[in-house]
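# Architecture and fold: a report
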Amino acid sequence: MLELSHVSRHFGGLVVLEDVNLAVPANTIFGLIGPNGAGKTTVVNIITGLLAPSSGQVLFEGVSLVGKQPHTITQGGIARTFQNIRVFKEMSLLDNVIVGMHAHLHYGPLGIFTRSKSFAAAERAAREKAYELLSWVRLAHKCDELAESLSYGEQRRLELARALATNPKLLLLDEPVAGMNSSEKEELMHEVRNIHARGFTIFMIEHDMRFVMGLCKEIAVLNFGRIICQGEPDHVRNDPQVIEAYLGREDDASTTSQGVAQ
Ligand SMILES: Nc1ncnc2c1ncn2[C@@H]1O[C@H](COP(=O)(O)OP(=O)(O)OP(=O)(O)O)[C@@H](O)[C@H]1O
(Lines give C-alpha, C1' and ligand atoms only; values in the text may rest on other atoms or scores of the structure.)
Protein backbone atom coordinates (compact mmCIF):
# COMPACT_ATOMS: atom_id res chain seq x y z
CA MET A 1 0.00 0.00 0.00
CA LEU A 2 2.76 2.44 1.01
CA GLU A 3 6.27 2.13 -0.30
CA LEU A 4 9.39 4.18 0.35
CA SER A 5 12.24 3.40 -2.06
CA HIS A 6 15.75 4.70 -1.53
CA VAL A 7 14.51 7.72 0.39
CA SER A 8 17.19 10.09 1.65
CA ARG A 9 16.84 13.46 3.32
CA HIS A 10 19.61 15.91 4.07
CA PHE A 11 19.41 19.19 5.97
CA GLY A 12 22.42 21.09 4.68
CA GLY A 13 25.30 18.76 5.40
CA LEU A 14 23.32 16.71 7.93
CA VAL A 15 22.19 13.33 6.61
CA VAL A 16 18.96 12.54 8.49
CA LEU A 17 17.69 9.68 6.31
CA GLU A 18 19.81 7.55 4.08
CA ASP A 19 18.51 5.03 1.56
CA VAL A 20 15.37 4.15 3.51
CA ASN A 21 13.31 1.34 2.01
CA LEU A 22 9.97 0.45 3.59
CA ALA A 23 6.96 -1.45 2.34
CA VAL A 24 3.74 -1.27 4.34
CA PRO A 25 1.22 -3.83 3.07
CA ALA A 26 -2.52 -3.17 3.19
CA ASN A 27 -4.45 -4.36 6.26
CA THR A 28 -1.48 -4.44 8.59
CA ILE A 29 -0.38 -2.63 11.72
CA PHE A 30 3.16 -1.52 10.97
CA GLY A 31 5.52 0.09 13.47
CA LEU A 32 8.55 2.26 12.86
CA ILE A 33 10.73 2.49 15.93
CA GLY A 34 14.17 3.85 16.71
CA PRO A 35 16.07 5.84 19.32
CA ASN A 36 15.63 9.61 19.71
CA GLY A 37 16.80 11.52 16.67
CA ALA A 38 16.83 8.41 14.45
CA GLY A 39 14.70 10.15 11.81
CA LYS A 40 11.20 8.75 12.47
CA THR A 41 9.38 12.10 12.42
CA THR A 42 11.22 13.00 9.24
CA VAL A 43 9.82 9.81 7.63
CA VAL A 44 6.27 10.76 8.69
CA ASN A 45 6.75 14.33 7.46
CA ILE A 46 7.90 13.02 4.08
CA ILE A 47 4.92 10.64 3.77
CA THR A 48 2.45 13.40 4.68
CA GLY A 49 3.96 15.98 2.34
CA LEU A 50 5.34 18.35 4.98
CA LEU A 51 8.85 17.63 3.73
CA ALA A 52 10.17 16.50 0.35
CA PRO A 53 12.79 13.76 0.19
CA SER A 54 16.22 14.86 -1.08
CA SER A 55 16.09 11.74 -3.24
CA GLY A 56 14.04 8.58 -3.57
CA GLN A 57 10.40 7.75 -4.15
CA VAL A 58 7.27 7.48 -2.00
CA LEU A 59 4.36 5.58 -3.50
CA PHE A 60 0.86 5.21 -2.07
CA GLU A 61 -1.20 2.62 -3.92
CA GLY A 62 1.27 2.95 -6.77
CA VAL A 63 0.97 6.76 -7.05
CA SER A 64 3.88 9.05 -6.17
CA LEU A 65 3.35 11.38 -3.20
CA VAL A 66 6.49 13.39 -3.84
CA GLY A 67 5.68 17.04 -4.49
CA LYS A 68 2.04 16.73 -3.39
CA GLN A 69 0.56 19.14 -0.86
CA PRO A 70 -0.40 17.74 2.56
CA HIS A 71 -4.16 18.32 1.99
CA THR A 72 -3.97 16.47 -1.34
CA ILE A 73 -2.30 13.54 0.40
CA THR A 74 -5.02 13.59 3.09
CA GLN A 75 -7.72 13.58 0.43
CA GLY A 76 -5.91 10.71 -1.26
CA GLY A 77 -6.45 8.53 1.80
CA ILE A 78 -3.71 9.15 4.39
CA ALA A 79 -4.66 10.65 7.77
CA ARG A 80 -2.41 11.31 10.73
CA THR A 81 -2.39 12.16 14.38
CA PHE A 82 0.32 14.32 15.94
CA GLN A 83 2.79 13.89 18.81
CA ASN A 84 1.23 16.86 20.59
CA ILE A 85 -2.50 16.85 21.12
CA ARG A 86 -4.23 19.16 18.66
CA VAL A 87 -7.90 19.06 19.60
CA PHE A 88 -9.99 22.25 19.66
CA LYS A 89 -10.58 22.47 23.38
CA GLU A 90 -13.46 24.95 23.27
CA MET A 91 -15.43 22.96 20.74
CA SER A 92 -17.68 19.97 21.38
CA LEU A 93 -16.43 16.49 20.57
CA LEU A 94 -18.90 16.30 17.68
CA ASP A 95 -17.67 19.58 16.22
CA ASN A 96 -14.05 18.48 16.56
CA VAL A 97 -14.79 15.43 14.42
CA ILE A 98 -16.91 17.43 11.93
CA VAL A 99 -13.97 19.82 11.42
CA GLY A 100 -11.88 16.77 10.47
CA MET A 101 -14.53 15.88 7.90
CA HIS A 102 -14.59 19.31 6.35
CA ALA A 103 -12.71 18.41 3.17
CA HIS A 104 -15.29 15.74 2.44
CA LEU A 105 -18.46 17.76 2.94
CA HIS A 106 -20.12 18.86 -0.25
CA TYR A 107 -22.34 21.88 -0.09
CA GLY A 108 -22.13 25.04 -2.16
CA PRO A 109 -21.13 28.37 -0.62
CA LEU A 110 -24.72 29.63 -0.83
CA GLY A 111 -25.95 26.72 1.22
CA ILE A 112 -23.86 27.87 4.15
CA PHE A 113 -25.73 31.20 4.21
CA THR A 114 -29.19 30.04 3.35
CA ARG A 115 -29.10 26.71 5.21
CA SER A 116 -30.56 25.16 2.10
CA LYS A 117 -31.99 21.65 2.11
CA SER A 118 -28.78 20.17 0.75
CA PHE A 119 -26.75 21.94 3.40
CA ALA A 120 -29.05 20.74 6.15
CA ALA A 121 -28.86 17.19 4.80
CA ALA A 122 -25.06 17.32 4.57
CA GLU A 123 -24.86 18.69 8.08
CA ARG A 124 -27.14 15.99 9.44
CA ALA A 125 -25.13 13.27 7.70
CA ALA A 126 -21.89 14.77 9.06
CA ARG A 127 -23.27 14.75 12.61
CA GLU A 128 -24.40 11.15 12.27
CA LYS A 129 -21.03 10.08 10.89
CA ALA A 130 -19.17 12.02 13.62
CA TYR A 131 -21.33 10.35 16.26
CA GLU A 132 -20.53 6.95 14.80
CA LEU A 133 -16.77 7.67 14.79
CA LEU A 134 -16.99 8.84 18.41
CA SER A 135 -18.71 5.56 19.27
CA TRP A 136 -15.75 3.69 17.73
CA VAL A 137 -13.47 5.28 20.35
CA ARG A 138 -16.09 4.96 23.11
CA LEU A 139 -16.74 8.70 23.40
CA ALA A 140 -20.22 8.97 21.86
CA HIS A 141 -21.84 9.48 25.26
CA LYS A 142 -19.81 12.69 25.63
CA CYS A 143 -20.46 13.99 22.10
CA ASP A 144 -21.86 17.38 23.22
CA GLU A 145 -19.26 18.04 25.90
CA LEU A 146 -16.34 20.38 25.28
CA ALA A 147 -13.06 18.70 24.41
CA GLU A 148 -11.41 20.49 27.33
CA SER A 149 -13.47 18.40 29.75
CA LEU A 150 -11.82 15.18 28.54
CA SER A 151 -8.95 13.41 30.23
CA TYR A 152 -5.65 13.23 28.40
CA GLY A 153 -6.28 9.67 27.20
CA GLU A 154 -9.77 10.62 26.00
CA GLN A 155 -8.38 13.59 24.05
CA ARG A 156 -6.03 11.19 22.28
CA ARG A 157 -9.01 9.01 21.41
CA LEU A 158 -10.88 12.06 20.11
CA GLU A 159 -7.90 12.76 17.85
CA LEU A 160 -8.23 9.25 16.46
CA ALA A 161 -11.90 9.81 15.67
CA ARG A 162 -11.05 13.11 14.00
CA ALA A 163 -8.29 11.53 11.88
CA LEU A 164 -10.76 8.86 10.78
CA ALA A 165 -13.23 11.56 9.71
CA THR A 166 -11.30 12.07 6.47
CA ASN A 167 -12.15 8.47 5.58
CA PRO A 168 -8.53 7.35 5.23
CA LYS A 169 -7.20 4.05 3.99
CA LEU A 170 -3.98 4.51 5.93
CA LEU A 171 -3.81 5.98 9.42
CA LEU A 172 -0.45 7.34 10.61
CA LEU A 173 -0.05 7.55 14.36
CA ASP A 174 2.79 9.75 15.54
CA GLU A 175 3.78 8.60 19.05
CA PRO A 176 0.20 7.79 20.03
CA VAL A 177 0.90 6.93 23.68
CA ALA A 178 3.27 9.82 24.46
CA GLY A 179 2.45 11.07 27.96
CA MET A 180 -0.10 8.36 28.74
CA ASN A 181 -0.28 6.29 31.92
CA SER A 182 -0.40 2.52 31.66
CA SER A 183 -4.18 2.15 31.82
CA GLU A 184 -4.63 4.82 29.12
CA LYS A 185 -2.10 2.89 26.99
CA GLU A 186 -4.08 -0.31 27.48
CA GLU A 187 -7.27 1.45 26.38
CA LEU A 188 -5.62 2.93 23.32
CA MET A 189 -4.21 -0.45 22.37
CA HIS A 190 -7.75 -1.78 22.44
CA GLU A 191 -8.96 1.15 20.31
CA VAL A 192 -6.20 0.75 17.71
CA ARG A 193 -6.97 -2.98 17.44
CA ASN A 194 -10.65 -2.22 16.91
CA ILE A 195 -9.94 0.39 14.26
CA HIS A 196 -7.62 -1.99 12.46
CA ALA A 197 -10.33 -4.69 12.60
CA ARG A 198 -12.65 -2.27 10.79
CA GLY A 199 -10.34 -2.46 7.79
CA PHE A 200 -7.88 0.39 8.30
CA THR A 201 -4.16 -0.01 7.68
CA ILE A 202 -2.10 1.52 10.47
CA PHE A 203 1.45 2.87 10.46
CA MET A 204 2.79 4.12 13.77
CA ILE A 205 5.97 5.59 15.08
CA GLU A 206 6.31 5.07 18.78
CA HIS A 207 8.83 4.87 21.60
CA ASP A 208 6.86 2.57 23.82
CA MET A 209 8.13 -0.92 23.07
CA ARG A 210 5.36 -2.79 24.83
CA PHE A 211 2.75 -0.89 22.84
CA VAL A 212 4.52 -1.47 19.52
CA MET A 213 5.41 -5.10 20.19
CA GLY A 214 1.89 -5.80 21.40
CA LEU A 215 0.16 -4.34 18.37
CA CYS A 216 2.33 -4.46 15.29
CA LYS A 217 2.52 -7.35 12.88
CA GLU A 218 5.68 -5.93 11.38
CA ILE A 219 8.27 -3.50 12.70
CA ALA A 220 11.10 -1.57 11.09
CA VAL A 221 13.92 -0.13 13.16
CA LEU A 222 15.57 3.13 12.20
CA ASN A 223 18.95 4.08 13.63
CA PHE A 224 20.94 7.13 12.54
CA GLY A 225 18.71 7.47 9.49
CA ARG A 226 19.08 3.90 8.25
CA ILE A 227 16.79 0.89 8.55
CA ILE A 228 18.80 -1.66 10.53
CA CYS A 229 16.16 -4.36 10.91
CA GLN A 230 12.67 -5.19 9.70
CA GLY A 231 10.38 -8.09 10.50
CA GLU A 232 7.95 -9.59 12.99
CA PRO A 233 8.17 -8.44 16.63
CA ASP A 234 10.00 -11.57 17.81
CA HIS A 235 12.63 -11.22 15.14
CA VAL A 236 13.16 -7.51 15.86
CA ARG A 237 13.23 -7.97 19.63
CA ASN A 238 16.14 -10.39 19.43
CA ASP A 239 18.15 -8.74 16.67
CA PRO A 240 21.66 -7.92 17.93
CA GLN A 241 21.82 -4.61 16.04
CA VAL A 242 18.50 -3.51 17.56
CA ILE A 243 19.60 -4.45 21.06
CA GLU A 244 22.83 -2.57 20.47
CA ALA A 245 20.97 0.53 19.22
CA TYR A 246 18.75 0.60 22.31
CA LEU A 247 21.13 -0.51 25.05
CA GLY A 248 21.95 2.21 27.50
CA ARG A 249 19.15 4.44 26.29
CA GLU A 250 16.82 4.93 29.21
CA ASP A 251 14.73 7.35 27.17
CA ASP A 252 13.38 4.79 24.78
CA ALA A 253 12.64 1.42 26.29
CA SER A 254 13.74 -1.19 28.69
CA THR A 255 16.30 -3.40 27.00
CA THR A 256 18.31 -6.30 28.24
CA SER A 257 21.02 -8.42 26.73
CA GLN A 258 18.23 -10.96 26.12
CA GLY A 259 16.32 -8.57 23.90
CA VAL A 260 14.13 -5.53 23.76
CA ALA A 261 11.23 -5.39 26.26
CA GLN A 262 8.53 -8.03 25.79
N1 LIG B 1 14.31 20.93 9.80
C2 LIG B 1 15.42 20.36 10.27
N3 LIG B 1 16.61 20.97 10.13
C4 LIG B 1 17.75 20.40 10.59
N5 LIG B 1 17.80 19.21 11.22
C6 LIG B 1 16.65 18.58 11.40
C7 LIG B 1 15.40 19.10 10.94
N8 LIG B 1 14.40 18.21 11.27
C9 LIG B 1 15.03 17.20 11.90
N10 LIG B 1 16.36 17.42 11.99
C11 LIG B 1 17.34 16.52 12.61
O12 LIG B 1 17.12 15.24 12.06
C13 LIG B 1 17.39 14.23 13.02
C14 LIG B 1 16.19 13.29 13.07
O15 LIG B 1 15.07 13.98 13.62
P16 LIG B 1 13.64 13.32 13.75
O17 LIG B 1 12.80 14.30 14.49
O18 LIG B 1 13.17 12.83 12.44
O19 LIG B 1 13.98 12.07 14.68
P20 LIG B 1 13.01 11.17 15.54
O21 LIG B 1 13.49 9.76 15.35
O22 LIG B 1 11.60 11.45 15.20
O23 LIG B 1 13.33 11.64 17.01
P24 LIG B 1 12.35 11.69 18.29
O25 LIG B 1 12.08 10.28 18.61
O26 LIG B 1 13.22 12.35 19.30
O27 LIG B 1 11.13 12.48 17.91
C28 LIG B 1 17.68 14.94 14.32
O29 LIG B 1 19.08 14.98 14.49
C30 LIG B 1 17.12 16.32 14.09
O31 LIG B 1 17.83 17.27 14.84
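Residues numbered from 1 in each chain as written. Predicted model: local features only at pLDDT ≥ 70, side-chain atom pairs only at ≥ 80, totals over all residues.

Bringing the domain arrangement of the protein into the picture now. For the protein, the domain assignment lists domain 1 (2-87 + 162-260) and domain 2 (90-149). When contributions to the side of domain 1 that touches domain 2 are tallied by element, the ones reaching two or more residues are helix H2 (70-75), helix H6 (152-164) and helix H7 (182-197). Residue classes in the side of domain 1 that touches domain 2 are distributed as 5 nonpolar, 6 polar and 2 charged. (Domains from an automatic or database assignment. Helix = DSSP H or I, 4+ residues; strand = E, 2+ residues; numbered from the N terminus. Nonpolar A, V, L, I, M, F, W, Y, C, P; charged D, E, K, R; others polar.)

Below, the discussion takes up the site of the ligand. Near the ligand, the surroundings consist of Phe11, Leu14, Val16, Gly34, Asn36, Gly37, Ala38, Gly39, Lys40, Thr41 and Thr42. Residue assignment for the shell around the ligand shows that the elements contributing at least two residues are strand E2 (14-24) and helix H1 (40-47). The element best represented in the shell around the ligand is H1, accounting for 3 residues. (Near = placed C-beta within 6 Å.)

All right, on to the packing of helix H3 (residues 93-101) against H6 then. Contact pair H3 / H6: the axes reach a minimum separation of 7 Å and the direction vectors enclose 35°. The interaxial crossing formed by H3 with H6 has right-handed handedness. In contact with Leu93, Asn96, Val97 and Gly100 of H3, H6 contributes Leu158, Ala161, Arg162 and Ala163. Across the contact of H3 with H6, the residue classes tally to 5 nonpolar, 2 polar and 1 charged. (Axes fitted to C-alpha atoms, helices over the stretch in contact; angles between N-to-C directions. Left-handed = near helix turned anticlockwise from the far one by under 90°. Contact = placed C-beta atoms within 7 Å.)

Turning our eyes to something else, we now look at the sheet that holds strand E5 (residues 63-64). Pairing within the open sheet is antiparallel, and its 4 strands lie in the order E2-E1-E4-E5. The open sheet has two free edges, formed respectively by E2 and E5, since each of these has just one partner strand. As defined by bridge partners, strand E1 (residues 2-11) adjoins strand E4 (residues 55-60) across 5 bridges and the pair is classed as antiparallel. Within E4, the position partnered with serine 5 by the bridge is glutamine 57. (Pairing = 2+ DSSP bridges.)

What follows is about the packing of H6 against H7. Packing of H6 against H7 brings their axes to within 10 Å, and their N-to-C directions diverge by 15°. Comparing the axis directions of H6 and H7 gives the class roughly parallel. Crossing of H6 over H7 shows right-handed handedness. Taken together, the residues of H7 that come into contact with H6 (itself represented by Tyr152, Gly153, Arg156, Arg157 and Leu160) are Glu184, Glu187, Leu188, Glu191 and Ile195. By residue class, the composition of the contact of H6 with H7 is 4 nonpolar, 1 polar and 5 charged. (Parallel < 35°, antiparallel > 145°, perpendicular 65-115°, else oblique.)

Turning next to H7. Here H7 is 16 residues long and its end C-alpha atoms lie 23 Å apart, about the 22 Å a rise of 1.5 Å per residue gives. Buried within H7 we find Leu188, Glu191, Val192 and Ile195. Down the axis of H7, the sector holding all buried residues measures 100°, keeping them to one side. Every exposed residue of H7 that faces more than 90 degrees away from the buried side is listed here: Ser182, Ser183, His190 and Ala197. Immediately beyond the C-terminal end of H7, within one or two residues, lies glycine 199, with a positive phi of roughly 105°. (Expected span 1.5 Å × (residues − 1). Buried ≥ 20, exposed ≤ 12 C-beta atoms within 10 Å, placed from the backbone. Arc of directions from axis to C-beta.)

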